[in-house]
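What the coordinates show
In case you want the letters, here they are:
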Amino acid sequence: QVQLVESGGGLVQAGDSLRLSCAASGRTFSSYAMGWFRQAPGKEREFVAGISENGGLTYYPDSMKGRFTISRDNAKNTVSLQMNSLKPEDTAVYYCAARPKGVSSEPPQYDYWGQGTQVTVSS
């Protein structure tokens, strides 16, 4: 069982940066691949970034490459998402998620989810 709590969301202006964090409970955090997803109103949940269990591999959709960076600290049971050059279209609720068998870009493949944190980017 893993419990996830996101933080760091807020209201920013276009071009600003924001760093999201996800704190995980449990002593087996390093056994889980982690993903960040986002969901805007009326849209499907979208894969933003993923990181392997030991942090050695990271994954991004092409639209996120260069602006978003995922990282993790297994000693602190945290995973972070650094977001730069934010755009109004990045406005969404951002979720972290965990799965035990490697990164996937498909939300149903994840076993555990946080409650989400709102990111709003004004133009």
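To start, this report covers the structure provided alongside it. (Residues numbered from 1 in each chain as written. Predicted model: local features only at pLDDT ≥ 70, side-chain atom pairs only at ≥ 80, totals over all residues. Heavy atoms only, no water.)

A short note on the state of the cysteines
Across all of its chains, the model carries 1 disulfide by this definition. In this model Cys 22 forms its disulfide with Cys 96; the gap between the sulfur atoms is 2.0 Å. Judged by the torsion about the S-S bond (50 degrees), the Cys 22/Cys 96 disulfide is right-handed. Here the residue Cys 22 occupies a position in strand E3 (residues 18-24), and Cys 96 occupies one in strand E9 (residues 92-99), the gap between them amounting to 74 residues. (Disulfide = S-S within 2.5 Å. Helix = DSSP H or I, 4+ residues; strand = E, 2+ residues; numbered from the N terminus.)

A few points about the environment of Leu 4
In this fold, Leu 4 is placed in strand E1 (residues 4-7). Each C-alpha atom of the pair Leu 4 and Trp 113 lies 6.2 Å from the other, and the pair is 109 residues apart in sequence. Beyond its immediate stretch of four places on either side in the chain, Leu 4 contacts Cys 22, Ala 23, Ala 24, Met 34, Cys 96, Ala 97, Ala 98, Tyr 112, Trp 113, Gly 114 and Gln 115. (Contact = heavy atoms within 4.5 Å.)

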